[in-house]
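Remarks on the overall topology
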Amino acid sequence: MDNFHTNIYNWYHINKRDLPWRKDRDPYKIWLSEIILQQTRVEQGKNYFYRFAEAYPTVNDLASAHEDEVLKLWQGLGYYSRARNLHASAKIIALQYNGTFPNDYKNILALKGVGPYTAAAIASIAFDLPFPAVDGNIYRVLSRYYGIETPIDSSAGKKEFQQLAEELIRGQNPGMHNQALMEFGALQCVPKSPKCETCPLSDSCFALKNGLVNQLPVKEKKTKQRHRYFYYYIYDMGDSILLDKRSGSDIWQNLYQLPLMEYEKALSDSELLKADLPVKSSQLNIKYISGQKKHVLSHQIIHAKLIYLEVQGNFNNPSPLIRVNKKDISKFAVSRLVEQFLHEAGLGI
DNA sequence: TAACCGTGGTA
DNA sequence: TTACCAAGGTT
């Protein structure tokens, strides 16, 4: 074995973390952890893994849950399509595979929410199959060590790194190899201020030798952010309020929210008082309007306010909105933004 | 292909 | 405060 492998493997055996999804090689748990960890730090994902593993010990348990329940467990982790796809794939495994996790790369890759990285990670870690798991860590480690300046988010870059990773895993223990490289990127060759002074590869690292550590990896695309203006309404009916389920292809799909009005620009409070309501009624009293809250997503900036309405007298259920008892609000999956507004209004958790 | 899809940590 | 970005995938 060459210098690269030997040093990283030695480093890994000394420095690897004791992570809960690596206690055994249950493909279901490895899959679950990989979905949770997509674009997510280990420290943030850990608690969610414990939650899911306890609520759904097997893939059949997950398959028989309701999507609302799965989304509630996922609440706060973001990228909610992961939860929807996780649940949909669990149903496929339960029904089409009779509860046995598929054990070949093609069928793993065919699962919803499983792309090239995740399929390779599961195939290698759970089934010893020699597929390189090329994630953000590995782009960073390889680009620095080998001095590769091809942008990692270009198609040429993806092809180049994939090919290099395939050469590197040849003849190695696939699961250990992939995990060693990822762990090395996550703990040693970190994005900012990597620990080059204590790095076992410092003698042969191209970036360190050439002063390119802070320039690599190269990424070209920058996502521009769209501004949106959300006005949420609490319809306080004494012991209950109204909730609404989001649908369509927008953010927070299938999560619940307070009745919402969206505008292209910010409304002043006086404009807001004259504006349409999500549910019209002559028996409303405005208790207060909150200050503006800025909620930043990866690709959108949402400027939001909460309008607290007290409903006088009777109020018919304005379908498709649902009337929810205040003590049951916390059973519904909501975005962080709605969760914070509910909390500030003394509702929810 | 590029835009879209969340949240929280860090410098 | 801003900018970056973390065990990416889908459309």
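Residues numbered from 1 in each chain as written. Chains lettered and ligands numbered in written order. Predicted model: local features only at pLDDT ≥ 70, side-chain atom pairs only at ≥ 80, totals over all residues.

Residues in contact with DNA strand C amount to 28 residues; listed here are only the nearest, Leu37, Gly115, Thr118, Asp135 and Gly136. Within the residue set of the surface near DNA strand C, elements represented by two or more residues are α8 (116-127), α9 (136-146) and α11 (174-187). Broken down by element, the residue count for the surface near DNA strand C peaks at 4 residues, all from α11. Among the residues making up the surface near DNA strand C, the classes are represented as 10 nonpolar, 10 polar and 8 charged. (Near = placed C-beta within 6 Å. Helix = DSSP H or I, 4+ residues; strand = E, 2+ residues; numbered from the N terminus. Nonpolar A, V, L, I, M, F, W, Y, C, P; charged D, E, K, R; others polar.)

Backbone-to-backbone hydrogen bonds join strands into a sheet, with any given pair of strands oriented parallel or antiparallel. An order of β3-β2-β8 is seen for the 3 strands of this open sheet, with the pairing classed as antiparallel. Two strands bound the open sheet, and with one partner strand each, they are β3 (256-257) and β8 (322-325). (Pairing = 2+ DSSP bridges.)

What follows concerns the protein's contact with DNA strand B. The local shell around DNA strand B holds 23 residues, among which Gly78, Ser155, Ile251, Ser298 and Arg336 are the closest. Of the residues that constitute the surface near DNA strand B, the class distribution is 7 nonpolar, 13 polar and 3 charged.

Let us now look at helix α5 (residues 67-74). Every buried residue of α5 is listed here: Val70, Leu71 and Trp74. Taken around the axis of α5, the buried residues stretch over an arc of 100 degrees, which confines them to a single face. Residues of α5 that are buried in the fold lie against α6 (81-96). Backbone geometry just after α5 places Gly76 at a positive phi near 95 degrees. (Buried ≥ 20, exposed ≤ 12 C-beta atoms within 10 Å, placed from the backbone. Arc of directions from axis to C-beta. Contact = placed C-beta atoms within 7 Å.)

When its domains are assigned, chain A resolves into domain 1 (3-209) and domain 2 (226-344). Taking only C-alpha atoms, the centre of domain 1 and the centre of domain 2 are 37 Å apart. Counting residues per element, the side of domain 1 that touches domain 2 draws most heavily on α5, at 4 residues. Residue composition of the side of domain 1 that touches domain 2, grouped by class: 2 nonpolar, 2 polar and 4 charged. (Domains from an automatic or database assignment.)

Its 16 residues place the ends of α6 22 Å apart at the C-alpha level, agreeing with the 22 Å of an ideal helix rising 1.5 Å per residue. Within the span of α6, buried status applies to Ala83, Leu86, His87, Ser89, Ala90 and Ile93. Viewed along the axis of α6, the buried residues span an arc of 165 degrees, placing them on a single side of the element. Exposed and oriented more than 90 degrees from the buried face of α6 are Ser81, Leu95 and Gln96. (Expected span 1.5 Å × (residues − 1).)

It is worth spelling out the packing of α5 against α6 at this point. In contact at an axis separation of 9 Å, α5 and α6 are set at 135 degrees when each is read in the N-to-C sense. As summarised for this structure, α5 and α6 are arranged oblique, according to the angle between their axes. Crossing handedness for the pair α5 and α6: right-handed. For the pair α5 and α6, the contacting residues are Glu67, Val70, Leu71 and Trp74 in the first and Ala83, Arg84 and His87 in the second. Looking at the contact of α5 with α6, its residues break down into 4 nonpolar, 1 polar and 2 charged. (Axes fitted to C-alpha atoms, helices over the stretch in contact; angles between N-to-C directions. Parallel < 35°, antiparallel > 145°, perpendicular 65-115°, else oblique. Left-handed = near helix turned anticlockwise from the far one by under 90°.)

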